[in-house]
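# A look at the structure
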Amino acid sequence: MKTETKATQKAQHTAGEWILSGSNKIRNGKDGFVIATITSDEITHFICNKAESEANAKLIAAAPEMLNLLQKLSNTITNGDDLESLFFETQNLINKATK
C-alpha cells in the first residue's frame, strides 16, 4: 500500500544544524548563537521570540521518542520488515514535535 504525505509547513523551531557546545549549551551550527542552556533544573532559551522558543521546547521534549523511533526504524530496515507499520507512529511524532 502506497501512502502519501502532505507537504510539511515551514518549521517554527530554530532552523539549521544544532550542536552541543560543552556539556550543556545547544548552539545553532550556522552562526554559533546559543539556542538553549540546559541545567539540572531548567532549560533557558536565548535569541528566540516566544513562538520559536515554544517550538524549540517541543522539539527538545520529543527528542527521546524520536531516538526510540529511529532505533525501531533501523531495526525494521535491518530485519527486512515492513516499514508501513512505523508510518503512523512517525506521523504522530512529527505532529507532537511541531504542533
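Up top is the structure these notes are about.
The notes below deal with the structure included here. (Residues numbered from 1 in each chain as written. Predicted model: local features only at pLDDT ≥ 70, side-chain atom pairs only at ≥ 80, totals over all residues. Heavy atoms only, no water.)

### Details of the packing of helix H1 (residues 50–78) against helix H2 (residues 84–98)
Running from N to C, H1 and H2 cross one another at 165 degrees; their axes reach a closest spacing of 8 Å. Between H1 and H2, the angle falls in the class roughly antiparallel. Seen along the crossing, H1 lies across H2 with a hand that is left-handed. Across from Ala55, Lys58, Leu59, Ala62, Glu65, Met66, Leu69, Lys72, Leu73 and Thr76 in H1, the residues of H2 making contact are Leu86, Glu89, Thr90, Leu93, Lys96 and Ala97. (Axes fitted to C-alpha atoms, helices over the stretch in contact; angles between N-to-C directions. Helix = DSSP H or I, 4+ residues; strand = E, 2+ residues; numbered from the N terminus. Parallel < 35°, antiparallel > 145°, perpendicular 65-115°, else oblique. Left-handed = near helix turned anticlockwise from the far one by under 90°. Contact = heavy atoms within 4.5 Å.)

### Points about the pattern of salt bridges
It is possible for side chains bearing opposite charge to pair when their charged atoms get close. Following the criterion strictly, the structure yields three salt bridges and no others. Across the pair Lys50 and Glu54 runs a salt bridge whose closest N-O atoms are separated by 3.9 Å. Note that Lys50 and Glu54 are positioned in helix H1 at a spacing of four residues, about one turn of the helix. Residue class for Glu54 comes out partly exposed when judged on its relative accessible area of 44%. The partner of Lys72 in a salt bridge is Glu89, with the nearest N and O atoms 2.8 Å apart. With Lys72 in helix H1 and Glu89 in helix H2, this residue pair connects regions lying 17 residues apart in the sequence. Using a relative accessible area of 32% as the deciding quantity, one classes Lys72 as partly exposed. For Glu89, a relative accessible area of 31% corresponds to the partly exposed category. (Salt bridge = Lys/Arg side-chain N within 4 Å of Asp/Glu carboxyl O. Buried < 20%, exposed > 50% of the residue type's maximum accessible area, 1.4 Å probe, protein only.)

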